[in-house]
Amino acid sequence: MIEIKDIWKIYQVGDQQIEALKAVNLKIEKGSFISIVGHSGSGKTTLLSILGGLTKPSKGSVHIDGIDVWTLNDRELSALRNQKIGFIFQFSSLIPTLCAIDNVSLPVIYGNRVMKNDRKKVYEYAEELLSTLGLTHKLTAFPSELSGGQQRRVAIARAFINKPAIIVADEPTGDLDMQSENDVMEFFSRINEEYQTTFLLVTHNLALARMTDKVHSMKDGMLISANNGGSPS
Amino acid sequence: MNISLTSLALQNLARRTFRTYALLLAIAIVSGAIFSTSTLMWGVNSSLKKGLSKFGADLLVVPKGSMISMKSALLTGEPSLFYMDGGIMEKIASLKGVKAVSPQLFLTSVEGNCCVMGNAFIIGFNPKTDFTVLPWLEEKMERPFQIDDVIVGAANSYAVGDKIFFYGQDLNVYGKLGRTGVGLYDNAIFLNIEKAYSMAEESHKIPGVAPLKLVRGHVSAVLVQTEVGAKIPFISFTISKDPDVKVITAGNIITSVRQNLVTLFGSTLVLSFVLILANALMISAIFSTIVNERKRELGILRAIGARKTSIFKLIVYEAALLTSIGGALGVFLGIIIMRVYQRTIIFNLKALNMPYLWPPASSIVLLACIAIAAAVIVGIAGAFYPALKGSTLQPYDAIRAGE
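Residues numbered from 1 in each chain as written. Chains lettered and ligands numbered in written order. Predicted model: local features only at pLDDT ≥ 70, side-chain atom pairs only at ≥ 80, totals over all residues. Heavy atoms only, no water.

### Quick word on the sheet that holds strand β4 (residues 59-64) of chain A
Strands pair in a sheet through their backbones, by hydrogen bonds, and they do so in one of two ways: parallel or antiparallel.
Residues and elements named next belong to chain A.
Now for step 1: Sheet architecture is open: 4 strands sit in the order β2-β1-β4-β5, paired in antiparallel fashion. Of all strands in the sheet, those bounded by a partner on one side alone are β2 (16-28) and β5 (67-68).
Now for step 2: Across 9 bridges, strand β1 (residues 2-13) lies against β2 in antiparallel orientation. Its bridge partner lying in β2, Ile7 is registered against Val24.
Now for step 3: Taken strand by strand, helix α1 (residues 44-51) contacts β1, β2 and β4, and its axis lies near 120° from that of β1. (Pairing = 2+ DSSP bridges. Helix = DSSP H or I, 4+ residues; strand = E, 2+ residues; numbered from the N terminus. Contact = heavy atoms within 4.5 Å. Axes fitted to C-alpha atoms, helices over the stretch in contact; angles between N-to-C directions.)

In structure tokens form, the structure reads like this:
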């Protein structure tokens, strides 16, 4: 379970203090599939990054399975990001010098969880993920050789390589066409059901949001409402 | 498909080829300069040590006004002619603390049609009292040294058993000295001093040949070996009371060569250290740029689980890899340049009274390792701050900064 308690994020810009998040409280049950919607600058991405251990809140706490994320040291926090959380960013987030399958496998290598003999298994799983996302023919392609949509799908595959308990996704289908978007959402749904993976999506796309179990709205750094969405599948 | 720290670092370096090659070249120039300078200094120093240890004499007594010529003769093998009355040997031998005294007589041959072979630096020595030539024979005949025998320095082309002739005298090459880098031992031909006197007398009888202007009983230098624990400065002072002679100590010679060494290489060393500092600053500036360019990427690596230390290691490793390749390239270029210009280098060093002997392969390998290690240390030092800065960025801030 994820529990966000009284989270504030205040940025200092010159003499001005900008409150990106104001007293946000949120509980997300294990295996839930929720989305957060809101205008640009409403604080969605900031909330996602605090929840994922990427940026430190000015105030408040984030508990994942009872662990206070922001009290962890660098080693523990890195291990949490590596093993428990899968990130999908809203922009191209691939390492340009690595081919698709290496990009997907990278978190496992960084997590130091595999011995050399197990690397074969990691690559097999990476290949399986890429195939599921329709990229069988692009395993050894470098990011510069992939379209925006293909790069996004590689990044999605990478988020799943360590079979994380939580997926945080910022506009995960931003560069995808309608068909690919449906395929990705179907894939998310399948993973959600099979592994009880918790999904937290940030999107502008209301149609996409409605495919999740619960839709939270944000405005001016605050969570203002929560509605039940539809089925993700 | 095998990701490792090395492959990641290499791929990152390959992104900006011009920048990488320019950095490699800058590092290669510095490490090449350090390696070449230290190899040359090592060569001069070890040659000096080896040569002077073979010299075996604690003091060298020469005629007044011939000290510079003697040093030149000793270090570079440059033939020099100066003489004094050999009677001084008895006086020196009678001093307290003197263990042995042996004369040396310098001659130069002038090539002639019938009777003289080559222009050689000939040194007459007394085999009965000698303690500086015979003990250092590397090759020799299986019999005692005789009156018609000569011993050649390593730089001579003669081999043991060869026949040579000077001023109508047939001489046998009895033995050969090992290479020392010190001219006196490498270039000269040593023969019995009695033979030298008789050869000088015979030279007057040979028509068409410039006679050797030498008086029997004269010597060019007296080598003095002292007792263990003897007060060398006191003995030197006592001998120096004779107004017609000068005393040279091994320390004098080493000091004068080292002064030349410092004059010649001092500025190169200072320049090398300035270049090292400039390289470290340049690496620091370039790696700051690299970290800035790759902020988003570093943020992403942190997001997928890379620790601060992993990011730090990645950046420092890139710098170390780059500088080790640059360092190795510099050493390689240094070796090639020194090999191509080795004759010129040795010629110029000898012109400055500096003996030279190439250091043994093991020393060259050691100096190469030191030069490469120095380059790597410069790389790590230069990249340290940018790496620290890159590794301590908040992942999300880094990602956003790169947007």
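After that view, the rundown keeps rolling.
### Observations regarding the packing of aromatic side chains
Now for step 1: Applying the stated criterion across every chain, the model contains 14 aromatic pairs over all chains.
Now for step 2: With 6.0 Å between their ring centres and 35° between their planes, A:Phe160 and A:Phe199 make a pair best called tilted. Of the two residues, A:Phe160 is situated in helix α5 (residues 148-160) and A:Phe199 in strand β8 (residues 198-203); the sequence distance between them amounts to 39 residues. Across the pair, exposure class does not vary: A:Phe160 and A:Phe199 are buried alike.
Now for step 3: Relative to B:Tyr174, the ring of B:Phe145 has its centre 5.3 Å away and its plane inclined at 80°; by these criteria the two rings are edge-to-face. In this pair, B:Phe145 is assigned in the loop between β5 (137-140) and β6 (149-152) and B:Tyr174 in strand β8 (residues 169-177), connecting sequence segments 29 residues apart. (Phe/Tyr/Trp six-rings, centres within 6.5 Å; stacked < 30°, edge-to-face > 60°. Buried < 20%, exposed > 50% of the residue type's maximum accessible area, 1.4 Å probe, protein only.)

### Topic: empty space enclosed by the protein
Residue and element names in this part refer to chain A.
Now for step 1: If you walk through the whole model with that rule in mind, you get 3 cavities of 30 Å³ or more.
Now for step 2: Estimated volume of the largest cavity: approximately 100 Å³.
Now for step 3: It is strand β6 (residues 85-88) that contributes the most residues to the lining of the largest cavity, 3 residues altogether.
Now for step 4: Of the residues belonging to the lining of the largest cavity, the class tally is 8 nonpolar, 3 polar and 2 charged. (1 Å grid on protein atoms, 1.4 Å probe; cavity = no way out; pocket = protein on both sides within 12 Å on 5 of 7 lines; lining within 4 Å. Points joined across faces, edges and corners; volume = space filled by probe spheres on them. Nonpolar A, V, L, I, M, F, W, Y, C, P; charged D, E, K, R; others polar.)

### Let's talk about the environment of B:Phe237
Now for step 1: Tracing the backbone shows B:Phe237 in helix α7 (residues 232-240).
Now for step 2: A C-alpha to C-alpha distance of 25 Å links B:Phe237 and B:Phe125, two positions 112 residues apart in sequence.

### Concerning the interface of chain B and chain A
Now for step 1: Across the boundary between the two partners, chain B contributes 27 residues, which contact 33 residues of chain A.
Now for step 2: Each partner contributes to the roughly 2700 Å² buried at the junction of chain B and chain A, and carbon and sulfur atoms together form 63% of this total.
Now for step 3: Along the contact surface separating chain B from chain A lie 1 salt bridge.
Now for step 4: Linking A:Asp74 and B:Arg302 is a salt bridge whose minimum nitrogen-to-oxygen distance equals 3.0 Å.
Now for step 5: Listed by contribution, the elements that provide at least two residues to the side of chain B that touches chain A are α1 (5-13), α9 (295-303), α10 (308-340) and α13 (395-401) of chain B.
Now for step 6: Counting residues per element, the side of chain B that touches chain A draws most heavily on α9(B), at 6 residues.
Now for step 7: Class assignment for the residues of the side of chain B that touches chain A results in 12 nonpolar, 6 polar and 9 charged. (Buried area = accessible area lost by both parts, 1.4 Å probe. Salt bridge = Lys/Arg side-chain N within 4 Å of Asp/Glu carboxyl O.)

### Some thoughts on a nonpolar patch on the surface
Now for step 1: Residues B:Leu329, B:Phe332, B:Leu333, B:Ile336, B:Ile337, B:Val340 and B:Tyr341 make up a contiguous nonpolar surface patch of about 670 Å² in total accessible area.
Now for step 2: Structurally, B:Leu333 can be placed in helix α10. (Patch = residues over 30% accessible without salt bridge, like charges linked within 9 Å, V, L, I, M, F, W, Y side chains within 5 Å. Areas by Shrake-Rupley, 256 points an atom, 1.4 Å probe, with all protein chains shown as cover.)

### Things to note about the packing of α10(B) against helix α12 (residues 361-391) of chain B
Residues and elements named next belong to chain B.
Now for step 1: Two elements in contact, α10 and α12, have axes whose closest approach is 7 Å; the angle formed by their N-to-C orientations is 150°. By the angle between their axes, α10 is roughly antiparallel relative to α12. Seen along the crossing, α10 lies across α12 with a hand that is right-handed.
Now for step 2: Among the residues making up the contact of α10 with α12, the classes are represented as 18 nonpolar, 6 polar and 1 charged. (Parallel < 35°, antiparallel > 145°, perpendicular 65-115°, else oblique. Left-handed = near helix turned anticlockwise from the far one by under 90°.)

### Quick look at the environment of B:Ala320
Residue and element names in this part refer to chain B.
Now for step 1: Take Ala320: it is sitting in helix α10.
Now for step 2: Residue class for Ala320 comes out buried when judged on its relative accessible area of 14%.
Now for step 3: Residues Ala320 and Ser310, spaced 10 residues apart in sequence, show a C-alpha to C-alpha distance of 15 Å.
Now for step 4: The contacts of Ala320, once residues within four sequence positions are left out, are Val376 and Ile380.

### Observations concerning the nonpolar core
Now for step 1: Within the largest apolar cluster, 74 residues are counted, with the highest numbers of intra-cluster contacts made by A:Leu130, A:Phe160, A:Phe188 and B:Leu301.
Now for step 2: Here this core takes 8 residues from α10(B), the largest share from any one element.
Now for step 3: Leave out the neighbours within four places in its chain, and A:Phe160 touches A:Ile88, A:Tyr125, A:Leu129, A:Ile167, A:Phe187, A:Phe188, A:Ile191 and A:Phe199.
Now for step 4: Ranked by size, the runner-up nonpolar core spans 37 residues in total, among them B:Val98, B:Val150, B:Ile164 and B:Tyr197. (Core = buried A, V, L, I, M, F, W, Y, C linked by side-chain atoms within 4.5 Å.)

### A closer look at the confidence of the model for chain A
Now for step 1: Averaged over every residue, the pLDDT of chain A is 88; residues scoring 70 or more account for 94%.
Now for step 2: Mean pLDDT in chain A bottoms out at strand β10 (residues 222-228) of chain A, which sits at 78, and peaks at β4(A), which reaches 94. (pLDDT = per-residue confidence, 0-100.)

### A look at the packing of α1(B) against α10(B)
Residues and elements named next belong to chain B.
Now for step 1: Their axes nearest at 9 Å, the elements α1 and α10 cross at an angle of 70°. One finds that α1 runs roughly perpendicular with respect to α10. Contacts from Leu5, Thr6, Leu8, Ala9, Leu10, Asn12 and Leu13 of α1 reach α10 at Leu314, Tyr317, Glu318, Leu321 and Leu322.

### Some thoughts on the pattern of salt bridges
Residues and elements named next belong to chain B.
Now for step 1: By the definition in use, this model includes 16 salt bridges over all chains.
Now for step 2: Between Arg216 and Glu201 there is a salt bridge whose closest N-O contact spans 3.0 Å. Of this pair, Arg216 sits in the loop between α6 (193-203) and β10 (218-219) while Glu201 sits in helix α6, and the two are 15 residues apart along the sequence.
Now for step 3: By relative accessible area, Arg216 is classed as partly exposed at 44%.
Now for step 4: Connected via shared salt-bridge partners are Arg15, Arg294, Glu297 and Glu318.

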